[in-house]
Amino acid sequence: MEDNDTQKPIIIKIGGSILKNPNALDSLFSFINKNKQFNWLIVHGGGNVVDSWLNKMGYISKKHDGLRISSKEEMPIIVGALAGYANKKIMKSAIKFDLRPIGLSLFEAGINVKQKNDALKQTGFCDSTSEPLLLTHLTTSGYIPIICSIGFSQMGEWFNVNADEAATAIAKSTNGKIVFLTDVSGVLDQHQTLIQKLNEDKINDLVNKEIIKDGMTVKVKEALKASKVLKDGVYITGWQILKNADLSFSDMNQLGTLVSEF
Ligand SMILES: Nc1ncnc2c1ncn2[C@@H]1O[C@H](COP(=O)(O)OP(=O)(O)O)[C@@H](O)[C@H]1O
Ligand SMILES: CC(=O)N[C@@H](CCC(=O)OP(=O)(O)O)C(=O)O
């Protein structure tokens, strides 16, 4: 990491694959504890928790292009799973490692959300951002914001936002650096070998060939979008590297797949 980048907040996006693995959460917060000189923000999803809760309540959840169709009736369950259970589960681990987490939605983080389209119902996108005054205040006061991907419109409607999209919006509004932390070491090729660097052409090729698929499709597309918006490389990295006690953030930055147009 460049010297002039050390003050930039670092946004770690964690998804359901990290959330369901206590070792992964503990490794992350142990790592953050050892790197307190940075301003950390966590943006999280928990799509697998939403799937399981909706299922238990008798709903058959549907997705379109990787995004959940979130009906009004399902929203209390979705909000409970993401803003409640997932958010507090992450806080549990942060507190264990002597950190000061603070659970937030996209609203408190300064992101205004709107409906994507009628067909996706209460699924939203991050529309506009205001100055992230609260986030800046919290991070510079030693707190770690744990931001779920539930957002609100100015009319007070609630929306379910894809967490990779939410993380990109937070990175944009805070001018931060972003790492998408997941359960694989990065983006893998057809031989299951780590791809060091991806640009837009390569991403389109691998998605068309279905070598990149499922949740990784949204992730690489969001990583590419984030890279363009931030004019900076974005990493997709596996949590396992955090187990290395000697790792520093600059190493972490370089292990995994770099998504960049630059
Ligand atoms: N080319 C690929 N390289 C790595 N993982 C891939 C690839 N294509 C599909 N995947 C799948 O994408 C998953 C990561 O996406 P997802 O489950 O949505 O992660 P998260 O829960 O961390 O957001 C991996 O566990 C893997 O099963
Ligand atoms: C609109 C939409 O699809 N929202 C996602 C939000 C959670 C999420 O993105 O979780 P991961 O990071 O674990 O994938 C969902 O309901 O699954």
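Residues numbered from 1 in each chain as written. Chains lettered and ligands numbered in written order. Predicted model: local features only at pLDDT ≥ 70, side-chain atom pairs only at ≥ 80, totals over all residues. Heavy atoms only, no water.

A word on unusual backbone geometry
Then comes step 1: The phi dihedral of Asp214 is positive, around 45°, even though this residue is not glycine.
Then comes step 2: Inspection of the secondary structure assignment puts Asp214 in helix α8 (residues 214-230).
Then comes step 3: One non-glycine residue with positive phi stands out, namely Lys231, at about 50°.
Then comes step 4: Take Lys231: it is sitting in the loop between α8 and β13 (234-238). (Helix = DSSP H or I, 4+ residues; strand = E, 2+ residues; numbered from the N terminus.)

Describing the site of ligand 1
Then comes step 1: Of all residues adjacent to ligand 1, which total 17 residues, the nearest are Ser17, Thr182, Asp183, Ile211 and Lys219.
Then comes step 2: Taking Lys219, its side chain carries an N or O atom lying 2.6 Å from an oxygen atom of ligand 1.
Then comes step 3: Burial of ligand 1 by the surrounding chains reaches 76%, relative to a free accessible area of 570 Å².
Then comes step 4: Mapping ligand 1 onto the cavity grids shows that it belongs to the largest pocket. (Near = heavy atom within 4 Å. Polar contact = N/O pair within 3.5 Å; in protein donor to acceptor, adjacent residues only side chain to side chain. Areas by Shrake-Rupley, 256 points an atom, 1.4 Å probe, with all protein chains shown as cover. 1 Å grid on protein atoms, 1.4 Å probe; cavity = no way out; pocket = protein on both sides within 12 Å on 5 of 7 lines; lining within 4 Å. Sits in = over half its atoms within 2 Å of the grid points.)

Some details on the packing of aromatic side chains
Then comes step 1: Counted according to the given criterion, the structure contains four aromatic pairs.
Then comes step 2: For the pair Phe31 and Trp40, a centre-to-centre distance of 6.0 Å together with 75° between the ring planes defines the contact as edge-to-face.
Then comes step 3: Ring centres of Trp53 and Tyr85 lie 5.8 Å apart, and the angle between their planes is 45°; this geometry places the pair in the tilted category. In this pair, Trp53 sits in helix α3 (residues 47-56) while Tyr85 sits in helix α4 (residues 75-96), placing the two residues 32 residues apart along the sequence.
Then comes step 4: Exposure remark for Trp53: the relative accessible area of 29% places this residue in the partly exposed category.
Then comes step 5: Pairwise contacts between aromatic rings join Phe31, Phe38 and Trp40 into one cluster.
Then comes step 6: Against the face of Tyr143 rests Arg100, its NZ or CZ located 4.3 Å from the ring centre. (Phe/Tyr/Trp six-rings, centres within 6.5 Å; stacked < 30°, edge-to-face > 60°. Buried < 20%, exposed > 50% of the residue type's maximum accessible area, 1.4 Å probe, protein only. Lys NZ or Arg CZ within 6 Å of the ring centre and 35° of its normal.)

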